[in-house]
Amino acid sequence: MRHFGHIAPEVRQRLFHQEPCAFSADSPARLLSAALGATLYSPATRPRLADDVVKQTGRGVVSMVLCLEDSIGDEDVTEGEENLVRQFTDLAARYGEGAADLPLLFIRVRTPEQIPDLVRRLGPAVRLLSGFVLPKFTEERGMPFLEALASAEAHSGRRLFAMPVLESPQLLYRESRVETLEGIFRAVDKYRERVLALRLGVTDFCSSYGLRRAPDMTAYDVQIVASVIADVVNMLGRADGTGFTVTGPVWEYFRVQERMFKPQLRRSPFLEGQAEELREALIEHAMDGLLREITMDHANGLLGKTCIHPSHVLPVHALSVVSHEEFSDAQDILRPERGGGGVLRSQYTNKMNEVKPHRAWAERTLLRAEVFGVANEDIGFVELLAAGIPA
C-alpha cells in the first residue's frame, strides 16, 4: 500500500516531486510508525466490517482500529469478538495472499486476556492483524497487556505491535503526571521494538473535568489538555533516540449547523487553486478547525491522528505531505559536507538553516517525505485535497 495510492498514477505524477513509498505490514517499524497517518476507528460490532475495510482501502485509509472498548457497550463485547473473528476470516478468504493491499489492522481490547484469546481464535486470519491498541495505559495497568502481546506473538509466529493509549486520570492530574510518565516510559522502553506509536486520549482528558471542546477550537485551545500534550512530547517524544511516535488526538466533529466564530480557513490558497467550493464545503462540515488542529499537531511534534469519521482521513494525509520547500531545506541540512555544522541561507532565500540545531527536524522531515511524499513546487494542500476526494 501507499499514501494516495487510491488516485491515478498520472495524477500522482502531477502532484508529487517525490511520490510516497510503498509499504506493507512487514515493513520496518520505524517506517510504519511514521506511515500510520489517519488511523480510522470503527466499532467491532459492525455487521459488514469486512466490506467497510475494503471500502476505506479504496478511499486511501492505510490504518484502522477495530474497537472492542469505548465504542461499544459492555453487553456487546462477546458479540464484538465473535464478529471480529468472522470478519477477519472473510477478509482472509477474499484476499488470499494479496492482503498486502489492506490497511494495517489493529484491535482495541479491554483486557490483557483478550489478546491471546483473539489471536488463537483468528487462526490463519491472524496474518491480517498488525497488533493491538491498549487502553488507559500506565505502567501498572499496561505491563500485563504488553506481556500478553509478547506471549501471543510467540505462539502465533506473527509480528504484533502495541499502540498504548495515554488517557488515564493519573496522567492528567498535575500531582501524579511526572511519576506516571516515568512509569509509562519504563514500560514502553522495555518493549520498545513492539511499541509502534503512543496515542493520546484527549476525550478522556476532557471528561475528567467535564469539558468538551467546541468545533471552533482545537485541543491546544483547552489549556489543561495542551499542558498534557506538551509533557507527553517532552518525556516520550524526544528526538534523541529515546522517543516514540506520538499521534494526534481525535477530532470529534463531522458537521456543524451554526457557527459562533469566524471561519479560520483562510481564503487565498483556495482562490489561487480555483477551489472556493472546496473551501465552503470544508467550512460547512467544521473541517477548518480540524485543519488548524492538524497543523498544531505537527508544530507540537505529533504525527498521524486518531479519526472517527472517513471525511477526516484525507485532510490528515494532505497536510502530512512534505512541501517542496521543507524538502529542500531538509536535504540541504543533511548534506554530508554540512557535518561540521554552520549556518546557511535556504534555497528559497527566506530563512536561516542552522545545521546542528535543525538536524533532528530534517531527519524527521525526510522520513515523513518517504511515506507521505513531497509535493511539487506549485502544489499545496488544496490541490492534494481536491485530487484525493472520490468522484
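Preceding this paragraph is the structure being described.
In this report, the structure presented in the accompanying data block is examined. (Residues numbered from 1 in each chain as written. Predicted model: local features only at pLDDT ≥ 70, side-chain atom pairs only at ≥ 80, totals over all residues. Heavy atoms only, no water.)

## A closer look at the overall build of the chain
Cut-off, in case you're wondering: Only runs of H or I of at least four residues qualify as helices and only runs of E of at least two qualify as strands under DSSP, and these elements are numbered from the N terminus. Throughout, the radius of gyration refers to the C-alpha atoms, and the reference size of a globule is 2.2 Å times the residue count to the power 0.38. Note that accessible areas follow from Shrake-Rupley with a 1.4 Å probe, and for residues the cover is restricted to the protein chains shown. Residues scored as positive are Lys and Arg, those scored as negative are Asp and Glu, and His as well as the terminal groups of each chain are ignored. For the purpose of locating charges, the reference atoms are NZ of Lys, CZ of Arg, CG of Asp and CD of Glu.
Scanning the chain from N- to C-terminus turns up 17 helices and twelve strands. For 391 residues, the compact-globule formula gives about 21 Å, and the C-alpha radius of gyration of the chain, at 21 Å, lands near that figure. If you line up the chain on its principal axes, its C-alpha atoms span 60 × 45 × 45 Å. When the accessible surface of the chain is summed, it comes to about 17400 Å², and 51% of that surface belongs to carbon and sulfur atoms. With 45 positive and 54 negative side-chain charges, the chain shows a spacing of 2 Å between the two charge centroids.

## A word on the side chain of glutamate 252
Defined as follows: A simple rule labels every residue: compare its accessible area, found with a 1.4 Å probe on the protein chains alone, to the largest value its type can have, and call it buried under 20%, exposed over 50%, or partly exposed in between. Definition of a polar contact: a pair of N or O atoms within 3.5 Å, with one able to donate and the other able to accept a hydrogen when the atoms are protein atoms, and with sequence-neighbouring residues admitted only if both atoms are side-chain atoms. Two residues form a contact once any of their heavy atoms are found within 4.5 Å.
Considering the arrangement of structural elements, one finds glutamate 252 in the loop between strand E8 (246–247) and helix H11 (268–272). Of the residues examined, glutamate 252 reaches a relative accessible area of 18% and is grouped as buried. In this structure the side chain of glutamate 252 is engaged in a polar contact, spanning 3.0 Å, whose partner is the side chain of threonine 203. At 2.9 Å, the side chain of glutamate 252 forms a polar contact with the side chain of arginine 212. Leave out the neighbours within four places in its chain, and glutamate 252 touches Thr203, Arg212 and Ile308.

## Some points on the sheet that holds strand E6 (residues 161–166)
For the record, the criterion: Two strands qualify as a pair provided that DSSP identifies no fewer than 2 bridges between them. Only the stretch in contact is used when a helix axis is fitted, and all axes are lines through C-alpha atoms; the angle between N-to-C directions ranges over 0 to 180 degrees.
Taken together, eight strands build an open sheet; the order of strands is E8-E7-E6-E5-E4-E3-E2-E9 and the sheet is parallel. If you trace the sheet from one side to the other, it starts and ends with E8 and strand E9 (305–307), each paired once. Bridge count for strand E2 (residues 38–43) against E9 is three bridges, and the pairing is parallel. When the sheet's bridge partners are listed, alanine 38 is paired in E9 with lysine 305. Relative to strand E7 (residues 198–200), helix H10 (residues 223–236) is tilted by about 170°, and along the sheet it contacts E6, E7 and E8.

## Description of the state of the cysteines
Stated precisely, the cut-off is as follows: When two cysteine sulfur atoms are found within 2.5 Å, that pair is recorded as a disulfide.
With the rule as written, the count across this model stands at zero disulfides. The thiol of cysteine 21 is unpaired, and the distance to the nearest cysteine sulfur, on cysteine 307, comes to 20 Å. Take cysteine 67: it sits in no disulfide, and the sulfur closest to it among the cysteines is that of cysteine 307, at 14 Å.

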